[in-house]
Structures are given as C-alpha cells and as structure tokens.
Amino acid sequence: MGEKTEGDGILKYRIGIPRAVMYYQFGTIWKSFFHTMDTEVIVSGETNKKILDEGATRVVDEACLPVKVYFGHAMQLAREEVDFLFIPRLVSIEKKAFICPKLMGLPDMLSAGKSSLPPLIKPTLNLVKSESRLEDFLQDIAKSLSFDKKKTRQAWHLAQGVYNKEMESKRRSFLENQIDCPGLTTIFLAAHPYLIHDRFLNLNIVDKLKKMGCRVILPEEIPPEVQNAELSCLRKPLFWSFGKMQLGSVRFIARQPGAKGIIILSSFGCGIDSFIDNMVVRYLKKMGVPYLNIILDEHSGAAGLDTRIEAFLDMLRWKESKDEDYVSTYGSYLGCDEGTARASGAGCSSTTLFQ
Ligand code: SF4
C-alpha cells in the first residue's frame, strides 16, 4: 500500500496517470475526481522519443503505436514514486459499442510485463448493457483506495459535470461558426483523440496545418447526436466507439459546402482503423471529397509529413481556384459535378487524385 496521510481522517495517495490513449478523452474527469477525493495526481509528461523508445521495448511487437507509448508513460510514472497507477479497463463507454480490445487489455499487458511497476488501480468500465455498470466502476475505485462510497459517487458526478461543460463549449463554438472561413482552407482531421492531441505522435500536425493557413476541425467538435444520426442509414450498426466517431463525423463534414479536404490519421497496427478507414475512404470517393490518408508509426518523420501536407493543400487550393472537381495529370476535367454530388449524396463514378 502507498503512503497514507491521516490529517483529517482522509487518506491521501499519489496516483499516477499515464498521459496517453484515453487520458486525452477522459483526463479532465479523472483529474477532477481524484482532486475532489483529496488525492494527489501525477500525470506523466508530454510524449517524447525516450518515452516512445522505452515503451516500444517493453511491449509485444504487434502493439499499435499508442499502446507502445502508453507503456513508456507507465514506466516514467514508475520512477516518480507514485503509490498507484490508475489504469482503468475501459471495455465500453456507451450502450451497444466497445472500445478497442487493446485498450481493454492494458491492465493485463502491464501486469504481465517484466517491468517493476507500482500497484495498479484497474476498475472496469463496461456500459455496453446498462448505465448501472458505472456504479461497479466507482465501487472498484472506492474499494481499491478505501474511499467512502457515497463521496466517490458524488466526486465522480461533479467531475463528469466539469467534463460535460468543457465538451459543450467546444461543440457550441463549432456550431456557432461557419465551416468556411474566408482566407483559410478548412480541413477536417479524422483521427482518434490520442492521435490528435499527442503532438509528438502526430508530428504536431494540427499546428502545422494552422501555420499553413488552414482551419482545422476535429471529430470531438461534432456533437455525438449528429454523428449518430449520420450512421443511422448503415445496414449494420457499428460497434466500435472510435469507428462511430470517425465515420459519423466524416459523413457529416463531407456534406458541408465549406469543407475543402479531409486528412485521415491512423496508427500503424490499428485493427479498428483497418476497416473504418476503408469505409471512410469509400464514402469520400462517392462524395468526391479530397482526402489524404496518413499512417503513423515510430519511424514517421516530420519532413515526409510536411511534403505530403503541402502537396495536398496545393492541390486543394489549385482545385478551388480552377473551380474543378479534380484534375488529371494532363490537365483535363475528369470528374462529376462536385456541388451536385455533395448536395444529393449521389455517387461519383470518378476516382480522386487525393489518395
Ligand atoms: S483503436 Fe487502434 S490505435 Fe487505438 S489502441 Fe486500439 S488498435 Fe491501437
């Protein structure tokens, strides 16, 4: 057990949270919750090469890039003398959909490793069948840290309120603004939250795009009800939360008149993206929307990424200035009418250069 401070009868611990994967989605809730419970939270630093290299040597070769990085962050926290590592087992965060199996297995993979780590707090969150499972998750935490159950519940709901407000404000600002900003090229970045917000992993793509004169829209800005409505026409419902977010937001953005291009960012070794990206690409081809597909791994370099982004933006701007759907290498018009395709959702039989 870790250090306990019994000043006013409250137990205080140092809890380590890896700054990786779901931290980028739920870090606000976790930090706020532990603070309310008078617990010190230590979040690992921003990802860097040392963290990535260390993680990559501790995990199986088949792991995707974000999981390798997660291991590196856990190793860094082990040196920070934390009492516990908070490694929740996130099975499902909504009804009828799951998180990725690799994320579900994180506590097991870390426990099975040879590295010496602080004890893990690994509550299971599984909301796939019923909202009441949140109670099991909270009880797991309360039991592991000897927290009062009622106070645990109150602190969680308080933290969830903070998170909801943060998300609402992001979405409101998106809905209040025009997609098309004069003088800027509107790019939608289709990726999982941890690829979008981890600047080392994504080679700082968001700042790069902004410096190159783009307005960048992210999936988290599109309200979940809008994403879900976009998916209601699928013959079979998607059962991966990340896939729903990705495909639902792309389908919405692709039909908006101001959207110029879409960048799909994936990790090498991602099982979910291996088929969701395919669905995204087929839809974009049908709609005649230009896209660029980038797959990141630990060997990705900034120079290669810059070149691809510059070429993509050049093509988008050239296309816009020529008012053409797309242009062949010999300069003649080959496509169908973009406006009609976007407005009606009708198929576009031509292929696009941007792939
Ligand atoms: S969703 Fe893909 S990138 Fe994310 S952890 Fe799972 S396999 Fe890795």
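This is a predicted model, so every value here is computed, not measured. (Residues numbered from 1 in each chain as written. Predicted model: local features only at pLDDT ≥ 70, side-chain atom pairs only at ≥ 80, totals over all residues. Heavy atoms only, no water.)

Colleague: Got a sec to walk through the site of the ligand? Specific residues and values, please.
Modeller: Contacts to the ligand come from C64, P66, C100, K102, L103, H192, Y194, F242, S267, C270, G271 and I272. Mapped by element, the contributors of at least two residues to the shell around the ligand are α4 (101-104) and α12 (271-287). In the shell around the ligand, the residues fall into 8 nonpolar, 3 polar and 1 charged. Split by domain, the shell around the ligand shows at least three residues from each of two domains, domain 1 (14-167) and domain 2 (177-344). (Near = heavy atom within 4 Å. Helix = DSSP H or I, 4+ residues; strand = E, 2+ residues; numbered from the N terminus. Nonpolar A, V, L, I, M, F, W, Y, C, P; charged D, E, K, R; others polar. Domains from an automatic or database assignment.)

Colleague: Can you tell me about the nonpolar core, naming the residues and giving the values?
Modeller: Ranked by internal contacts, the top residues of the largest apolar core, which has 106 residues, are W30, F34, I205, I253 and I262. Here this core spans two domains, and each of domain 1 (14-167) and domain 2 (177-344) adds at least three residues to it. Setting aside chain neighbours within four positions, we find F34 in contact with I15, I17, T39, V41, F86, I141, L145 and F147. (Core = buried A, V, L, I, M, F, W, Y, C linked by side-chain atoms within 4.5 Å. Buried < 20%, exposed > 50% of the residue type's maximum accessible area, 1.4 Å probe, protein only. Contact = heavy atoms within 4.5 Å.)

Colleague: Describe the environment of L209, listing the residues and the values that go with them.
Modeller: Tracing the sequence through the fold places L209 in helix α9 (residues 205-211). Considered as a pair, L209 and L313 are 104 residues apart in the sequence and their alpha carbons are 9.2 Å apart. In contact with L209, not counting residues within four places along its chain, are I187, C214, V216, I263, I309 and L313.

Colleague: Tell me about the packing of aromatic side chains, residues and numbers included.
Modeller: Using the criterion set out here, one finds 12 aromatic pairs in the structure. With a centroid separation of 5.7 Å and an interplanar angle of 80°, the aromatic rings of Y23 and Y24 are classed as edge-to-face. Take Y23: its relative accessible area is 9%, and that puts it in the buried class. Exposure remark for Y24: the relative accessible area of 18% places this residue in the buried category. Here the aromatic rings of F26 and Y163 are separated by 5.8 Å at their centres, their planes lie at 50°, and the arrangement is tilted. Within this pair, whereas F26 is found in helix α1 (residues 23-36), its partner Y163 is found in helix α7 (residues 149-176), the two being separated by 137 residues in sequence. Relative accessible area serves as the criterion here: at 12%, F26 is assigned to the buried category. (Phe/Tyr/Trp six-rings, centres within 6.5 Å; stacked < 30°, edge-to-face > 60°.)

Colleague: Can you lay out unusual backbone geometry for me, pointing to particular residues and giving the numbers?
Modeller: Positive phi, normally seen in glycine, also occurs at E81, with a value near 55°. Along the chain, E81 turns up in the loop between α3 (65-78) and β3 (84-86). By relative accessible area, E81 is classed as exposed at 66%. The phi angle at N204 is positive, at roughly 60°, despite the residue not being glycine. Locating N204 in the fold gives a position in the loop between α8 (193-197) and α9.

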